[in-house]
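Overview (structure and organization)
Listed below, chain by chain, are the residues.
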Amino acid sequence: MTLQLKPLHPFAAEASGIDLSRPLEPAQVRAIEQAMDTHAVLVWRAQPLDQDQQIALAKSFGPLDLGLRKLKGGPHRFKYAELADISNVKADGDVADREHAKIVGNVANQLWHSDSSFQRPRAKYSMLSAAVVPSFGGDTEYADLRMAYDALPAWLKAKVADLKAVHHALHSRFLLGDTNYTEEQQRAIAPAVWPLVQTDPRSGRKILFIGIHACEIIGMTPAEGRMLIMDLIEHATQREFVHRHHWQVGDLVIWDNTATVHRGRWYDFDERRELRRATTEEVITSPEAMALDPAETVPHT
Ligand code: OGA
Ligand code: MN
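In this report, the structure presented in the accompanying data block is examined.

Parameters at a glance
Residues numbered from 1 in each chain as written. Chains lettered and ligands numbered in written order. Predicted model: local features only at pLDDT ≥ 70, side-chain atom pairs only at ≥ 80, totals over all residues. Heavy atoms only, no water. Buried < 20%, exposed > 50% of the residue type's maximum accessible area, 1.4 Å probe, protein only. Helix = DSSP H or I, 4+ residues; strand = E, 2+ residues; numbered from the N terminus. Contact = heavy atoms within 4.5 Å. Polar contact = N/O pair within 3.5 Å; in protein donor to acceptor, adjacent residues only side chain to side chain. Pairing = 2+ DSSP bridges. Salt bridge = Lys/Arg side-chain N within 4 Å of Asp/Glu carboxyl O. Donors = N, O, S within 2.8 Å, 3.2 Å for Na, K, Ca; no water. Expected span 1.5 Å × (residues − 1). Axes fitted to C-alpha atoms, helices over the stretch in contact; angles between N-to-C directions. Near = heavy atom within 4 Å. Areas by Shrake-Rupley, 256 points an atom, 1.4 Å probe, with all protein chains shown as cover. Nonpolar A, V, L, I, M, F, W, Y, C, P; charged D, E, K, R; others polar. Phe/Tyr/Trp six-rings, centres within 6.5 Å; stacked < 30°, edge-to-face > 60°. Lys NZ or Arg CZ within 6 Å of the ring centre and 35° of its normal.

The element helix α4 (residues 101–108) is extensively covered by neighbouring structure, given that six of its eight residues are classed as buried. All of the buried residues in α4 are K102, I103, V104, G105, N106 and A108. In this structure, the buried residues of α4 make contact with β4 (84–87) and α7 (171–175).

Shown next, in the form of C-alpha cells:
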C-alpha cells in the first residue's frame, strides 16, 4: 500500500497505508516528507510502536534531538535518552504527585510552543505516540505558522520582516513560577536566535516563527519585545488556524516544528496519561536562518 491522506484541516491530515512499525523504504520516507510539506501534521491511527520501532522510525528522517533531557538528566523510564517521556508518571511507574517536576513539565507543554526552538539546530519532526490516555481532556492542539504569516496585515509583515527573537529553554518555566534551577542548569542550554520570518525552501512558504520559548526581540526593549511576541502568538493561534487532536491509544502524530506550534490541553493530573516522543533535528535550510551571523546565533543574556 502507498501513503493515503485524508484532510482534517487545511494543514493536518489523517495518514494511512504505511506500516510505521517496519523499516521504511526510501520512497516511503520521501512520500511522508512530501506530505509533511503540505500538511505539517499527520495523524496515524492504530499504529502502536514499541521503543525500538519509534526510534527506528524517527531515525529514517534524520538525526535525533535530545531536547530538555540534556538539562535534566536524572532517572528515565525509557531505553533511549532520545525518547521524551510525555507523561505524568515518575520513573518508578507511579503517577507523579502535584509537586513533582513532571507536572510542571506537563503544564509547560500546555503553552503554545515549537519543540526545542531554544536550540540550534531546533526540532524538525516530533513523533508522539499514545500509550495511555485519560478519560477526559488531554487533547493536543496545533496551529499553522505559514497560515499565520499569510494572514498578517501588510504593516505587520513589514514590521516583523527583519526581526529576530531570542528563544530560551527556561522562559516558559519561569513564567509558570518554576524558578528552582542551579546556575549550571541555567547555563546548560544557551539560548538560540531565530528570525521571526523564515522561508521554507521545500514549500517556498513563509513562516511566522514564534512560540512560548521566545522571550526577547533583538533591538527592542524587553516590554515591547514580549508584547509583540504575545500579540503574534495570539494571532497565530486564532481558532481557524488550529487543529485539535483527540488521542486514542495507538495514535502516532507527526508534526513539523518549523511550520507549526502546539500545546497540550487540560487533563486531570490524578489520571494517568502516557505519551512518548521521538524528535528529529532540523537541518537548517531557511535562507533567513542561514544568513544569521554566527556571532548572533547565541546571544549573551
Ligand atoms: C510534546 C508536547 C503536548 C501534549 O510532546 O512535545 O508538547 O499534549 N505535548 O502532551
Ligand atoms: Mn512539545
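On we go.
What follows deals with the side chain of D256. Tracing the backbone shows D256 in strand β13 (residues 252–256). Among the residues examined, D256 registers a relative accessible area of 2% and is labelled buried. There is a polar contact of 3.1 Å between the side chain of D256 and the side chain of K124. Contact partners of D256, with chain neighbours within four places excluded, come to M36, A40, K124 and Y125.

On to the pairing of strand β8 (residues 192–195). Residues in a regular strand project their side chains so that they alternate between the two faces of the sheet. On β8, burial covers both faces: A192 and W194 on one face and V193 and P195 on the other are all buried. In this structure, strand β7 (residues 164–167) lies alongside β8, joined through four bridges in antiparallel fashion. From the neighbouring strand, V166 faces β8, where its bridge partner is V193.

Another aspect to go through is the pattern of salt bridges. Applying the stated criterion to the full structure yields 21 salt bridges. Across the pair K90 and D92 runs a salt bridge whose closest N-O atoms are separated by 3.8 Å. Notably, a salt bridge pairs E141 with R244, separated by 2.7 Å at the nearest N-O pair. Remark: R244 occurs in strand β12 (residues 242–245) and E141 occurs in strand β6 (residues 140–144); sequence separation between them is 103 residues. Residue classification places E141 among the buried positions, given a relative accessible area of 0%. Taken together, the salt bridges that share partners define one network made up of R77, D85, K102, R272 and E274.

Our focus in this paragraph is the coordination of the manganese ion (ligand 2). Donor atoms from the polypeptide that coordinate the manganese ion (ligand 2) comprise H113 (NE2), D115 (OD) and H262 (NE2), at 2.1 to 2.2 Å from the metal. Using a relative accessible area of 3% as the deciding quantity, one classes D115 as buried. Exposure remark for H262: the relative accessible area of 5% places this residue in the buried category.

Here the focus is helix α1 (residues 26–39). Between its terminal C-alpha atoms α1 stretches 20 Å, which fits the 20 Å expected from 14 residues at 1.5 Å a residue. All of the buried residues in α1 are V29, I32, E33, A35, M36, D37 and H39. One or two positions beyond α1, positive phi appears at A40, with a value near 70 degrees.

What follows covers the sheet that holds strand β11 (residues 214–217). With respect to topology, three strands assemble into an open sheet ordered β8-β7-β11, the strand pairing being antiparallel. Of all the strands in the sheet, the pair left with one neighbour each is β8 and β11. The average undirected angle you get between the axes of adjacent strands in this sheet is 35 degrees. One ladder, built from three bridges, connects β7 with β11; its direction is antiparallel. Looking at β11, one finds that H167 is bridged to A214.

Time to look at the site of ligand 1. For ligand 1, the full set of nearby residues is I86, N109, H113, D115, L128, D139, T140, W255, H262, G264, R273 and R277. Within the side chain of H113, a nitrogen or oxygen atom sits 3.0 Å from an oxygen atom of ligand 1. Protein contact buries 98% of the 290 Å² of open area that ligand 1 shows by itself. Its residues assigned to classes, the shell around ligand 1 shows three nonpolar, five polar and four charged.

In this section: the sheet that holds β12. Reading across the sheet, the three strands line up as β12-β6-β14 and stay open at both edges, with antiparallel pairing between neighbours. Of all the strands in the sheet, just β12 and β14 (260–264) have a single pairing partner and so form its edges. Taken over all neighbouring pairs, the strand axes of this sheet differ in orientation by 20 degrees on average, direction set aside. Relative to β14, β6 is paired through five bridges, and the arrangement is antiparallel. Bridging from a neighbouring strand, T140 pairs with G264 of β14.

The subject of this paragraph is the environment of R263. Position of R263 relative to the elements: it lies in strand β14. Separated by 70 residues in the primary sequence, R263 and V193 have C-alpha atoms spaced 21 Å apart. Setting aside residues no more than four positions away along its own chain, R263 makes contact with N109, Q110, L111, W112, D139, T140, E141 and R239.

This model, assessed by the stated rule, comprises six aromatic pairs. Relative to F209, the ring of W194 lies with its centre 6.2 Å away and its plane at 75 degrees, an arrangement referred to as edge-to-face. One end of the pair, W194, is in strand β8; the other, F209, is in the loop between β10 (206–208) and β11, with 15 residues separating them in the sequence. No difference in accessibility class separates W194 from F209, as the two residues are buried. Between the NZ or CZ atom of R122 and the centre of the ring of W194, over which it lies, the distance is 4.2 Å. Residue placement shows R122 over the ring face of F209; its charged tip is 4.4 Å from the ring centre.

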